[in-house]
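Tertiary structure, described
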Amino acid sequence: MIITKTPFRMSFFGGGTDIPEFFEKYGGSVISTTFDKYCYVTVRHLPRFFEYKTHLTYSQMEFANTYEEIQHPAIRNAMKMMDMHELRLIYDSDLPARSGLGTSSSFAVGMLNAFYALKGKYADKKKLADEAIYLERVLCNESGGWQDQIAASFGGFNRTNFRSDEYEVLPIIISPERKKQLNDNLLMYFTGFTRFSSEIQRANHITSGEKHLQLKEMLALVDEAEKVLTAKTANLDEFGRLLDYTWKLKRQTGMRVSTDNIDILYQKAMDAGALGGKLLGAGGGGFFVFYVQPSKRAAVQDVLENFMHVPFEFEDGGTRIIHYTPETYINNKEI
C-alpha cells in the first residue's frame, strides 16, 4: 500500500503566462507557493477475490474491468500510460476540488507518485511534474498552463520561469521573519462557488491575441513583486497593492474570470482595509486571497463573516510518500 500527500498551490503573479501558446512567444513567469492543505492518494493492488479488477473512490465510486470502463479521465489515462493493473485507488482532500488551488494537478502528481512507488520505482520531482503536465494537457486534452503541476510536485515559495518547452524553478530567498510576515498578512476565503478550470480557460481563451497586452503587463509584475519580496528595505505592503493591480488586469482577460458576487465580495474587503487580493486560479469561483495589514485584519474578517475563512501556513515539501508498504504482485495482463 502507498499513500502520497501532495500540497495545493496559491498563485500570486503571472498566472496565464504559463500557458504554452503565450510563453513560447513571449516567455512566462509565475510566483506561487504551496501551503499546508493537501490531497491524499492511497493505492494498492486489489486482491483477486472480486468480480471487478479496479476500484476507485473519489467524489464518485467506480468499479471497472477494463481501462475503457473507467470514467475518470486522469485515472484512466494515467493507468494506461504507466501500465497499471488491478488497483484500489482512494482520493481524499483537505479542500474542495475545482476551487482554484490546482487541485486536479495535485491529484495527478500525487497519483503518479503513488503509481511509481507501487512499481518499486523512484520518480524525482521534475519527472512527476513533466508527466503530470503530459497527462493533463496532452492525454486528457485539458486547457491550461503548467504552473499547477510544477508547484504541486516541487513545493515551496518559488518563481517559475517558462520559455520554449522548458521551465526552471527558482526558490525565492527571503528571511524567515519576512516570509512569516507575508503569511500572516494573507487571508484566504472560500467564495462558495466551484468550477472546472479547464472550462474557464477554454471559455475565456486567455491567450488570444487581443489579451496579450494584459498578459505582458501581468508578466512584468512578476519582476516587481519579486523585488518587493527580496529587497530588505522594501515595504511588504507593496506586495498587497500589486495583488490589486494584477487582479484588475486579470479581470480584463475574460468575461468568466469574475462575477457580480465575486466583485461585491472583493469590494467589501477593500473597503474594510485590504490593500489588495485576487481570485486564485482561472477565475469564476473558488478561493480569494487578500493582503491585509494587522490593524485592518479584524475589520476585513467582520465584513467577510458570511464566507469561510481558511487559515493556512506556507509549506516547502511538495509531493511526498507518507506510507510505503511494498507488495508482491504478478501481473496477469488484465486490468
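My aim in this report is to walk through the structure given alongside it, one point at a time.

How each quantity is defined
Residues numbered from 1 in each chain as written. Predicted model: local features only at pLDDT ≥ 70, side-chain atom pairs only at ≥ 80, totals over all residues. Heavy atoms only, no water. Helix = DSSP H or I, 4+ residues; strand = E, 2+ residues; numbered from the N terminus. Rg over C-alpha atoms; globule rule 2.2 N^0.38 Å. Buried < 20%, exposed > 50% of the residue type's maximum accessible area, 1.4 Å probe, protein only. Contact = heavy atoms within 4.5 Å. Core = buried A, V, L, I, M, F, W, Y, C linked by side-chain atoms within 4.5 Å. Axes fitted to C-alpha atoms, helices over the stretch in contact; angles between N-to-C directions. Parallel < 35°, antiparallel > 145°, perpendicular 65-115°, else oblique. Left-handed = near helix turned anticlockwise from the far one by under 90°. Nonpolar A, V, L, I, M, F, W, Y, C, P; charged D, E, K, R; others polar. Salt bridge = Lys/Arg side-chain N within 4 Å of Asp/Glu carboxyl O. Pairing = 2+ DSSP bridges. Patch = residues over 30% accessible without salt bridge, like charges linked within 9 Å, V, L, I, M, F, W, Y side chains within 5 Å. Areas by Shrake-Rupley, 256 points an atom, 1.4 Å probe, with all protein chains shown as cover. Expected span 1.5 Å × (residues − 1).

A closer look at the overall build of the chain
Looking only at helices and strands, one finds 11 helices and 13 strands in the chain. Taken over the C-alpha trace, the chain has a radius of gyration of 20 Å; the compact-globule value for 335 residues is 20 Å, and the two agree within 12%. Overall, the C-alpha framework of the chain stretches about 60 × 40 × 40 Å when taken along its three principal axes. By the burial criterion, 56% of the 335 residues in the chain qualify as buried. Nonlocal contacts in the chain, meaning residues at least 24 apart in sequence, comprise 76% of its contacts between residues at least 6 apart.

Remarks on the nonpolar core
Core analysis: the biggest nonpolar cluster contains 71 residues, and F13 and F115 have the highest contact counts within it. Setting aside its immediate chain neighbours within four residues, F115 contacts V43, A78, M79, M82, M84, L87 and L89. Grouped together as the second largest cluster of nonpolar side chains are 16 residues, Y266, A269, A272 and F288 included.

Focus: the packing of helix α9 (residues 237-251) against helix α10 (residues 260-271)
It is at 14 Å that the axes of α9 and α10 come closest, and there the two elements cross at 165°. Judged on the interaxial angle alone, α10 and α9 are roughly antiparallel. Judged by the sense of rotation from one axis to the other, the crossing of α9 with α10 is left-handed. Residues D244, W247 and R251 of α9 pack against I262, D263, Y266 and M270 of α10. In the contact of α9 with α10, the residues fall into 4 nonpolar, no polar and 3 charged.

Some words on the pattern of salt bridges
Evaluated as defined, the whole model comprises 15 salt bridges. For E86, the salt bridge identified is with R48, shortest N-O distance 2.8 Å. Note that E86 is positioned in the loop between α2 (73-82) and β5 (87-93) and R48 in the loop between β2 (28-45) and β3 (54-57), a separation of 38 residues in sequence. Residue E86 is classed as buried on the basis of its relative accessible area of 3%. The partly exposed category is assigned to R48, whose relative accessible area is 49%. Residue R251 is joined to D263 by a salt bridge in which the shortest nitrogen-to-oxygen separation is 2.8 Å. With a gap of 12 residues between them, R251 in helix α9 and D263 in helix α10 connect regions that are remote in the sequence.

Side note on the sheet that holds strand β11 (residues 308-309)
Within a beta sheet, neighbouring strands are joined by backbone hydrogen bonds and run either parallel or antiparallel to one another. What the 4 strands build is an open sheet, ordered β9-β10-β8-β11; its pairing is antiparallel. Each edge of the open sheet carries a strand with a single partner, namely β9 (276-279) and β11. With 2 bridges connecting them, strand β8 (residues 186-190) and β11 associate as antiparallel partners. Counted as the bridge partner of F190 is M308 from β11. Across the sheet, α9 touches β9 and β10 (287-291), and the angle it forms with β9 is around 40°. Most of the contacts of α10 go to β10, to which it runs at about 20°, and overall it touches β9 and β10.

Some words on a nonpolar patch on the surface
Residues M81, Y134, V138 and L139 make up a contiguous nonpolar surface patch of about 320 Å² in total accessible area. The biggest single contributor to the nonpolar patch is helix α4 (residues 125-139), with 3 residues. The residue V138 is located in helix α4 in this model.

Describing helix α3 (residues 103-118)
The end-to-end C-alpha distance of α3, which contains 16 residues, comes to 22 Å, matching closely the 22 Å that a straight helix rising 1.5 Å per residue would cover. Within α3, 15 of the 16 residues are buried, which leaves the element mostly enclosed by the surrounding structure. One or two positions beyond α3, positive phi appears at G120, with a value near 75°.

A closer look at the environment of F162
Among the structural elements, F162 can be located in strand β6 (residues 157-163). With residues up to four places along the chain from it excluded, the contact list for F162 reads D18, F23, G27, G28, S29, V30, W146, Q147, I150 and Y167.

Topic: the pairing of β2
Among the 18 residues that make up β2, 15 are buried, leaving the element largely enclosed by the rest of the structure. The pairing of strand β1 (residues 2-13) with β2 spans 11 bridges and is antiparallel. Bridge pairing links T6 to C39 in β2. By the bridge criterion, 6 bridges tie β2 to β6 in an arrangement that is antiparallel.

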